[in-house]
Every structure is written in structure tokens, then in C-alpha cells.
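Observations on chain architecture
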Amino acid sequence: MQNNNSSADRIREKKKLFLAREQRIIDAAVELFLEESIDRITVSKIALRAAIGKGTVYKHFLTKNEILIRIILDYERNITQSLTDGIKRAEEGDSGAAAKSYFEARLENPRLDRLIQQLEDRLLESGDVVDQIQELHELRRSNENALSGLITKLIDRGVLEDVPAHFHYLACWALAQGAVELCFNKTWNDRADIEPLMEFITNIGITMGNRGQYHPDDPASKKKK
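It should be emphasised that the depicted structure is a prediction, and the values quoted were computed from it without experimental measurement. (Residues numbered from 1 in each chain as written. Predicted model: local features only at pLDDT ≥ 70, side-chain atom pairs only at ≥ 80, totals over all residues. Heavy atoms only, no water.)

Comments concerning the environment of Ala-171
Relative to the assigned elements, Ala-171 resides in helix H8 (residues 165-182). Residue Ala-171 is classed as partly exposed on the basis of its relative accessible area, which comes to 29%. Distance from Ala-171 to Met-208, taken between C-alpha atoms, is 8.2 Å for residues 37 residues apart in sequence. (Helix = DSSP H or I, 4+ residues; strand = E, 2+ residues; numbered from the N terminus. Buried < 20%, exposed > 50% of the residue type's maximum accessible area, 1.4 Å probe, protein only.)

Structural data, given as C-alpha cells:
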């Protein structure tokens, strides 16, 4: 019995070390991609930054693209978890919680968010990570479905404007996307107050689309147009 327990303990410890080493590879890759262009980063450079052998990297990831898609999926899973928590709080009464979770997840590190977009653009034409790309799309569809359900409830409760649900979550995406781009705009990216600016944008996003902001059937609104 003791031998069986010892064997199980060794397997668990080995798996723990394997996963920790894998995370070290991912962390090293993210650091490098934030420092240099994607094309200049090789598996050898990643191995050197992670302080492991190049051959060891290939025990975890067969290609550089597998490292890229893992970074993207990790980021998307983090957004998914944040949204899930926010949706739960919104259903419990904090109507702006889902939007807040989304903005905080994306704007906490605009450099990383922009990197993820660059990595994804690079992989769109790649044929060696098709299954992982499918998983990414499934995550996003799941998030859209969850948001649509929540938004419909908030519309029915009179909290949000009565427009198609996707108007609301795409407006949030557009605002977050613009905020990320703002951080790298040559005119504005040298601002010292970028963090409070991101917080300000987040607070705008939380109330964006609330009932009373948009009245497509209001004759007065049509006259203004």
C-alpha cells in the first residue's frame, strides 16, 4: 500500500514539475515577444530565456506556432473566467459587473492585449494549429452566448437599451479595442496618466448602453438627425 502511494506521489510530483516547466516556457516567450518582433524570436531564444534546453521545449511544444496559440488560449481563458465571474455578479444584481470584468481583463495590460492580436493575425493562415484555433473560436462563441443571455435579461429589466444584444457587447469590444490602440498611438502613447485613463474608459464602458442613452424610435431624436 505504501509503495502504491509513493508511486502515485512521484507521478503527481513529476506532473507538477512538467506543468511548472511548461508555464516557464510560456512566460519566457511572452516576455520576449513583448520585447522584440515575433519573427525575431526563435525557439532557441525562448529556451535560453526559460533557462532550459531547446530539446526540452520540444517535449512540450512541437512548433513555435504551438507556443503562440497556447499564449492566445491562456489569454482568452482568462477573459472567459473574468466574464463568467462578472456575469454571475450581474445576475445577482450588479448590472455593470460583466462589462467591468471585460474591460479590466483587456485593459489591465494593453501591451499584452495588442500582442495577442498580433499573434492571432499571424496564425490565421497557419495549418498546424487548426484544432487549437477551433477551441479559441468555441470559447468566444460561448462567451457571446452567455453575454447575449445576460443582456437580454437586462433589457427585459429595463436596465439596457432595447437593441439587439450583439449591439451591446460589440460596442464594448469597440471601446476596449480603441483604448488598446490609444496606448500605441504615436500622438498619445507618451502620456504619463495612461492607467487612470484606462480606468476612466472602463467606467464609461460599465454604463455604456444603459436605458435612456439611445432612442431610435423617439421623434425628437430623428429630428436631430
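Now that the structure has been shown, the text picks up again.
Topic: the environment of Glu-120
Along the chain, Glu-120 turns up in helix H6 (residues 110-123). Remark: the alpha-carbon pair of Glu-120 and Arg-211, spanning 91 residues in sequence, is separated by 35 Å. Look past the residues within four positions of Glu-120 in its chain and what remains in contact with it is Ile-72, Leu-136 and Arg-140. Only 2.7 Å separates the side chain of Glu-120 from the side chain of Arg-140, close enough to count as a polar contact. (Contact = heavy atoms within 4.5 Å. Polar contact = N/O pair within 3.5 Å; in protein donor to acceptor, adjacent residues only side chain to side chain.)

Examining the nonpolar core
Within the largest apolar cluster, 58 residues are counted, with the highest numbers of intra-cluster contacts made by Phe-33, Ile-46, Ile-67 and Ile-71. Every element with two or more residues in this core is listed here: helix H1 (2-35), helix H2 (43-50), helix H4 (64-91), helix H5 (97-107), H6, helix H7 (130-156), H8 and helix H9 (194-207). Per element, the largest residue contribution to this core is 11 residues, and it comes from H4. Once you skip the residues sitting within four places of it in the chain, Ile-71 turns out to touch Ile-26, Ala-29, Val-30, Phe-33, Ile-116 and Leu-119. (Core = buried A, V, L, I, M, F, W, Y, C linked by side-chain atoms within 4.5 Å.)

A short note on H5
Burial analysis of H5 places nine of its 11 residues in the buried class, which makes it a mostly covered element. For H5, the complete set of buried residues consists of Ala-97, Ala-98, Ala-99, Ser-101, Tyr-102, Phe-103, Ala-105, Arg-106 and Leu-107. Those residues of H5 that are buried lie in contact with H4, H6, H7, H8 and H9.

Observations concerning the packing of aromatic side chains
In the structure shown here, the tally under the stated rule is one aromatic pair. Geometrically, the ring pair formed by Tyr-102 and Phe-103 is edge-to-face, given 5.8 Å between the ring centres and 75 degrees between the ring planes. Relative accessible area serves as the criterion here: at 13%, Tyr-102 is assigned to the buried category. Residue class for Phe-103 comes out buried when judged on its relative accessible area of 0%. (Phe/Tyr/Trp six-rings, centres within 6.5 Å; stacked < 30°, edge-to-face > 60°.)

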